[in-house]
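Here is what each chain is made of, one letter per residue.
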Amino acid sequence: MYCQEIMPTQSENTKRIAKNTLVLYVRMLFSMLVSLYTSRVILNALGVEDYGLYNVVGGFVSIFSLVSSSLSSSASRFITFELGRGNHEKLKKVFSTSLCTQIILCLIIFILLETVGLWFLNTHLTIPSERLVAARYVFHFSVAAFMAGLLSVPYNASIIAHEHMNVYAYIGIADVLLRLCIVIYIAYCPYITDRLIMYSFLLLLVGILVQAIYVWYCHNHFSECRSKICFHKDLFKEMSGFAVWNFIGCTAGLLKDQGVNILLNLFHGPVLNAARGIAVSVNTAIGSFAGNFMTALNPQITKSYAVADYDYMNKLVARGSRFSFYIMLFFIVPVVLETEFILKLWLKGYPDFTVAFVRLTLFLSLIDILSNTLITLQTATGKIRNYQLAVGGMLLMNFPLSYLCLKASFSPECVYAVAISVALCCLLLRLVFLTCMVEAFSATSFIKNVGLNVVAVSLLSFVLPGTLCIFFPDGWSRFLTILFVSSVCTGFAILYIGCSFSERRFIYDKISVLCARLSGRI
């Protein structure tokens, strides 16, 4: 009975992906609307310097997640893999071993953060002397929130593996509402002596509450989360071997993001961190459109590989890569062309380099998103040593190359030029390794059906709205025109260039059903 539930047909899988994606989109749209408001309010409430200070201190704490991230990926892979195979006894052992490992890791990282981490904050980060005490409070609260997140890793992996995405929707909406209340309180309460400290503390409380709800849900709905907590040495060896090699990729990813953020702080101060923080907020809002789709899709890629359904696996990898790119592109085109207008409308005032950072961050995300399904497939194989040595080694180049460029007094935008170049190299390396490791996978087919496809769609999407941008004066008229034209051009390019005949037919059928339901015929 259990195996029948975890190995449904392809049609059922497709429906599940569509349903989960829709649920996650509802959550995301609500979150995005609230975050657009809260980002503006909290920037004004804290000020540019404190906003940048919060980003760099919180980002510094997250650097220590490089160890936990590798183990988190290991837990997610093994839980999803065993769920796909229907091996419930091993699934219990995987969860139990993962939880024990996270507890031990939590204690070790806590000690490192409160010693080495605190020393680095006090002696190396560029922080105004009058804000050093506040920065320490932010640091301690960020550490506590980080610990809560570490302990909930196996539980979150179980929710994703079981594909209970509605849980993320409901709890996510509650999380956003609580954060909205925090922002309103920080912005308008007259009795707060230090808004940065209070903001960090309240976010800690919300983070602990949300993670506790996830744990409670798993304990009540998934039998493996109720099993006796035991440490299985043989399974730990298997999982840790996976995690050790995955550590390289996690380290590279953190150095690319938070490591470079610290470099910008060291060379240019917290104001530039604020500009980068705004760019990341915009990218997160847009990326969540594609990210929700990938969250719903990834478990199916791992499960299809686990049961050797390679035809379905290849379809998911190619379509997932293309459609996640299309989803992001649809929103990126008007944002890139109207960045200055949107930022003025949203924030009124913003730090220097924010416009350039936003545009470059979005272009980088378009390149990175093509690799998401490839990374999922690579993780599903469990054979990651050589892959991580090559791809992880290439990703690690972000940090030293960015340092050399900043040291040579290049403009701050140089860190994005480095990141984009490295991302393209990593994409090619992933294709080479997957072709060698997964017999059913073809890099040539991926380049033809995905790479050339998205390039053609992108060019057609930018040409006409980009031309109009040159001749129209800045303002509401141009913004609305670009918004309409880019939507039409991108939609047309995706539908008639980016989609196959069967995909187009599927979209037409779904639109017809939706229109019929809205008109009351069904």
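Residues numbered from 1 in each chain as written. Predicted model: local features only at pLDDT ≥ 70, side-chain atom pairs only at ≥ 80, totals over all residues. Heavy atoms only, no water.

Here we take up the overall build of the chain. The helix and strand inventory of the chain stands at 21 helices and zero strands. Split into buried and exposed, the 522 residues of the chain put 53% on the buried side. Of all intrachain contacts in the chain linking residues separated by at least 6 positions in sequence, the fraction that spans at least 24 positions is 83%. On the chain, roughly 23600 Å² of surface is accessible, and the fraction owed to carbon and sulfur atoms is 68%. (Helix = DSSP H or I, 4+ residues; strand = E, 2+ residues; numbered from the N terminus. Buried < 20%, exposed > 50% of the residue type's maximum accessible area, 1.4 Å probe, protein only. Contact = heavy atoms within 4.5 Å. Areas by Shrake-Rupley, 256 points an atom, 1.4 Å probe, with all protein chains shown as cover.)

Before going further, it helps to examine the confidence of the model for the chain. Should pLDDT be low for a region, the predicted coordinates there are not to be read in detail. Summarising the model, the chain shows a mean pLDDT of 80, and 85% of its residues fall at 70 or more. Overall, residues 1-7 carries pLDDT values under 50, and its contacts beyond four positions in sequence, including any with other chains, amount to 13 contacts. (pLDDT = per-residue confidence, 0-100.)

Taking 1.5 Å per residue as the helical rise, helix α6 (residues 132-151) with its 20 residues ought to reach 28 Å, and the 29 Å between its terminal C-alpha atoms agrees with that figure. Those residues of α6 that sit buried are L132, A134, A135, V138, F139, F141, S142, V143, F146, M147, A148 and L150. (Expected span 1.5 Å × (residues − 1).)

Looking now at the nonpolar core. Core analysis: the biggest nonpolar cluster contains 136 residues, and L377 and F441 have the highest contact counts within it. Among the elements that make up this core, the one with the highest residue count is helix α12 (residues 310-337) (13 residues). Beyond its immediate stretch of four places on either side in the chain, L377 contacts I301, Y305, M313, V317, L434, V438 and F441. Grouped together as the second largest cluster of nonpolar side chains are five residues, L364, A419, I420 and A423 included. (Core = buried A, V, L, I, M, F, W, Y, C linked by side-chain atoms within 4.5 Å.)

So, on to the packing of aromatic side chains. Applying the stated criterion across every chain, the model contains 16 aromatic pairs. Ring pairs connect the aromatic residues Y137, F141 and F201, which therefore count as one cluster. (Phe/Tyr/Trp six-rings, centres within 6.5 Å; stacked < 30°, edge-to-face > 60°.)

Let us now look at unusual backbone geometry. Within the chain, F353 stands out as a residue other than glycine whose phi angle is a positive 75°. Examined against the element boundaries, F353 turns out to sit in the loop between α13 (339-347) and α14 (354-369). A residue is classified by how much of its surface remains accessible, and F353, at 33% relative accessible area, is partly exposed. Residue S409 is not a glycine yet carries a positive backbone phi of 65°. Structurally, S409 is set in the loop between α17 (398-407) and α18 (414-437).

This part takes up the pattern of salt bridges. On inspection of all chains with the given rule, the structure shows six salt bridges. Close ionic contact of R131 with D50 constitutes a salt bridge, the shortest N to O distance being 3.0 Å. Of this pair, R131 sits in the loop between α5 (88-123) and α6 while D50 is found in helix α3 (residues 48-63), placing the two residues 81 residues apart along the sequence. The exposure class assigned to R131 is buried, which follows from its relative accessible area of 15%. (Salt bridge = Lys/Arg side-chain N within 4 Å of Asp/Glu carboxyl O.)

The next point concerns helix α15 (residues 372-381). Among the 10 residues that make up α15, eight are buried, leaving the element largely enclosed by the rest of the structure. Restricting attention to buried positions, one finds in α15 the residues T373, L374, T376, L377, Q378, T379, A380 and T381. At the exit of α15 stands G382, carrying a positive phi of roughly 80°.

Here we take up the packing of helix α16 (residues 385-396) against α18. Where α16 meets α18, the axes come as close as 9 Å, and the angle between the chain directions of the two elements is 170°. As summarised for this structure, α16 and α18 are arranged roughly antiparallel, according to the angle between their axes. Contacts from N386, Y387, A390, V391, M394 and L395 of α16 reach α18 at V422, C425, C426, L429, R430 and F433. Counted by class, the contact of α16 with α18 contains 10 nonpolar, one polar and one charged residues. (Axes fitted to C-alpha atoms, helices over the stretch in contact; angles between N-to-C directions. Parallel < 35°, antiparallel > 145°, perpendicular 65-115°, else oblique. Nonpolar A, V, L, I, M, F, W, Y, C, P; charged D, E, K, R; others polar.)

Looking now at the state of the cysteines. What the rule picks out here adds up to zero disulfides. Between C425, a cysteine without a disulfide, and C426, which holds the nearest cysteine sulfur, the sulfur-to-sulfur distance is 6.9 Å. Judged by relative accessible area, which is 35%, C425 ranks as partly exposed. (Disulfide = S-S within 2.5 Å.)

Okay, the packing of α17 against α18 next. At a minimum axis separation of 9 Å, α17 and α18 run at an interaxial angle of 150°. In terms of orientation, α17 and α18 fall into the roughly antiparallel class. Read as a crossing pair, α17 and α18 show a hand that is right-handed. Note on element contacts: α18 touches α17 through C414, V415, V418, A419 and V422, opposite N398, L401, S402, C405 and L406. Class assignment of the residues belonging to the contact of α17 with α18 gives a composition of eight nonpolar, two polar and no charged. (Left-handed = near helix turned anticlockwise from the far one by under 90°.)

Below, the discussion takes up the environment of L377. Looking at where L377 falls in the secondary structure, it is placed in helix α15. Here L377 falls in the buried class, since its relative accessible area comes to 0%. Distance in space between the C-alpha atoms of L377 and F441 is 9.8 Å, their sequence separation being 64 residues.

Let us now look at the side chain of R504. With respect to the helices and strands, the residue R504 is situated in helix α21 (residues 501-519). Among the residues examined, R504 registers a relative accessible area of 16% and is labelled buried. At 3.0 Å, the side chain of R504 and the backbone oxygen of C499 are in polar contact. Look past the residues within four positions of R504 in its chain and what remains in contact with it is L495, Y496 and C499. (Polar contact = N/O pair within 3.5 Å; in protein donor to acceptor, adjacent residues only side chain to side chain.)

For the rest of this paragraph, the subject is the side chain of R322. Inspection of the secondary structure assignment puts R322 in helix α12. Using a relative accessible area of 8% as the deciding quantity, one classes R322 as buried. In terms of polar contacts, R322 uses its side chain to reach the backbone carbonyl oxygen of G498, at 2.7 Å.

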